[in-house]
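Structural characterization, general
So the chains spell out like this:
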Amino acid sequence: DVVTTARATLKALEGGGRRFMRRPAELYREYRSEIAARRARRNVYPLGAEPFDRNLSEGFMPGRTSVTAGLPGSGKSTVWMAFAILLAKAGRKVVYCAWEMDPDSLLDVGIAHMTGIELVKIIQGTLSDEEAARVDRAARWLTSRITFMSNPFLRGTAGKKPNNDRNLDILEGYLAESGADVAVYDLWERMLPWRKP
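Now for a quick tour of the structure.

The rules behind the values
- Residues numbered from 1 in each chain as written.
- Predicted model: local features only at pLDDT ≥ 70, side-chain atom pairs only at ≥ 80, totals over all residues.
- Heavy atoms only, no water.
- Pairing = 2+ DSSP bridges.
- Helix = DSSP H or I, 4+ residues; strand = E, 2+ residues; numbered from the N terminus.
- Axes fitted to C-alpha atoms, helices over the stretch in contact; angles between N-to-C directions.
- Contact = heavy atoms within 4.5 Å.
- Salt bridge = Lys/Arg side-chain N within 4 Å of Asp/Glu carboxyl O.
- Buried < 20%, exposed > 50% of the residue type's maximum accessible area, 1.4 Å probe, protein only.
- Patch = residues over 30% accessible without salt bridge, like charges linked within 9 Å, V, L, I, M, F, W, Y side chains within 5 Å.
- Areas by Shrake-Rupley, 256 points an atom, 1.4 Å probe, with all protein chains shown as cover.
- Phe/Tyr/Trp six-rings, centres within 6.5 Å; stacked < 30°, edge-to-face > 60°.
- Core = buried A, V, L, I, M, F, W, Y, C linked by side-chain atoms within 4.5 Å.
- Parallel < 35°, antiparallel > 145°, perpendicular 65-115°, else oblique.
- Nonpolar A, V, L, I, M, F, W, Y, C, P; charged D, E, K, R; others polar.

What follows deals with the sheet that holds strand 3 (residues 182-186). Strand order in the open sheet formed by 3 strands is 2-1-3, with parallel pairing between adjacent strands. Among the strands making up the open sheet, the edge pair consists of strand 2 (146-149) and strand 3. Across the sheet, the axes of successive neighbouring strands diverge by a mean angle of 20 degrees, strand direction being ignored. In the packing of helix 4 (residues 76-89) onto the sheet, contacts are made with strand 1 (94-98), strand 2 and strand 3, and the angle to strand 1 comes to roughly 160 degrees.

Now the structure itself:
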């Protein structure tokens, strides 16, 4: 016990023992600097929907992750399509990774949201001429403001089985190429062939 305590004490004095324990004065200085930077750049990244802007303090900031979970069919994709539209309207560059629903289905949902035309009418094509023109305008706007990415992770390359590292490398390349500052992964687990912890 004495030897173990002595080693732990020596390690702590060398700075290697508790390197993730934050020193109060250092943390205070960093935080104070961060607050000053936020005030200078106005750290506001609104969605454009007042209830969310009021209650989600970091959900749409660069470098942050928001996760939505729910049962199949509970509306996760529909909600995130609406969020993607609002973010695009706010000037953010959005890539929507359509790995569960295909891009056409997401466009149906987004166009219904934007135009107020019933989704079933868009899907079945029972549109009046005026509604068809509105659908066309909304489709042009959506496809020019939101980049859609289909699922490239379904097969291995050169006979190799897909794996998480390969798929993350593929995703990183697509994201870098898109230049997006917001990425919606719908459905993230579709990218992971190996899902064990």
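Here the narrative resumes, following the displayed structure.
Quick look at the pattern of salt bridges now. Under the criterion given, the structure shown has 6 salt bridges. Note that Asp-181 and Arg-92 form a salt bridge whose closest N and O atoms lie 2.6 Å from each other. Note that Asp-181 is positioned in the loop between helix 8 (164-178) and strand 3 and Arg-92 in the loop between helix 4 and strand 1, a separation of 89 residues in sequence. You can call Asp-181 partly exposed: its relative accessible area is 38%. The exposure class of Arg-92 is buried, given its relative accessible area of 12%. Glu-130 is the salt-bridge partner of Arg-134, the closest N and O atoms lying 3.4 Å from each other. Placement of both Arg-134 and Glu-130 in helix 7 (residues 129-145) is noted, with a separation of 4 residues, approximately one turn of the helix.

Turning to a nonpolar patch on the surface, a few remarks are in order. Nonpolar side chains collect at one region of the surface, where Leu-168, Tyr-185 and Trp-188 lie side by side and expose about 260 Å² of accessible area between them. Relative to the helices and strands, Leu-168 resides in helix 8.

Let's shift gears to the packing of aromatic side chains. Taken as a whole and assessed by the stated rule, the structure comprises 5 aromatic pairs. Taking the centre distance of 4.9 Å and the plane angle of 85 degrees together, the rings of Trp-80 and Phe-83 count as edge-to-face. Here Trp-80 and its partner Phe-83 are both found in helix 4, 3 residues apart, which amounts to about one turn of the helix. The class for Trp-80 is buried, based on a relative accessible area of 13%. By way of ring pairs, the aromatic residues Trp-99, Phe-153, Tyr-185 and Trp-188 are connected into one cluster.

Here we take up the nonpolar core. In this structure, Met-81, Tyr-96, Ile-111, Leu-142 and Ile-146 are the most contacted members of the largest nonpolar core, which totals 27 residues. When contributions to this core are tallied by element, the ones reaching two or more residues are helix 4, strand 1, helix 5 (103-115), helix 7 and strand 3. Of all the elements, helix 4 adds the most residues to this core, at 7 residues. When near neighbours in sequence (up to four residues on either side) are disregarded, Tyr-96 contacts Ser-77, Trp-80, Met-81, Ala-84, Leu-106, Ile-146, Thr-147, Phe-148, Met-149, Val-184 and Asp-186.

Now for the packing of helix 4 against helix 7. At a closest axis distance of 10 Å, the pairing of helix 4 and helix 7 adopts a crossing angle of 75 degrees. It follows from the interaxial angle that helix 4 and helix 7 lie roughly perpendicular. Contacts between helix 4 and helix 7 involve Met-81, Ile-85, Ala-88 and Lys-89 from the former and Trp-141, Leu-142 and Arg-145 from the latter. Looking at the contact of helix 4 with helix 7 residue by residue, the classes come out as 5 nonpolar, no polar and 2 charged.

In this structure, Ala-90 sits in the loop between helix 4 and strand 1. Ala-90 gets classed as partly exposed once you look at its relative accessible area, which sits at 44%. Each C-alpha atom, one on Ala-90 and one on Tyr-185, is 20 Å from the other, the two residues being 95 residues apart in sequence.

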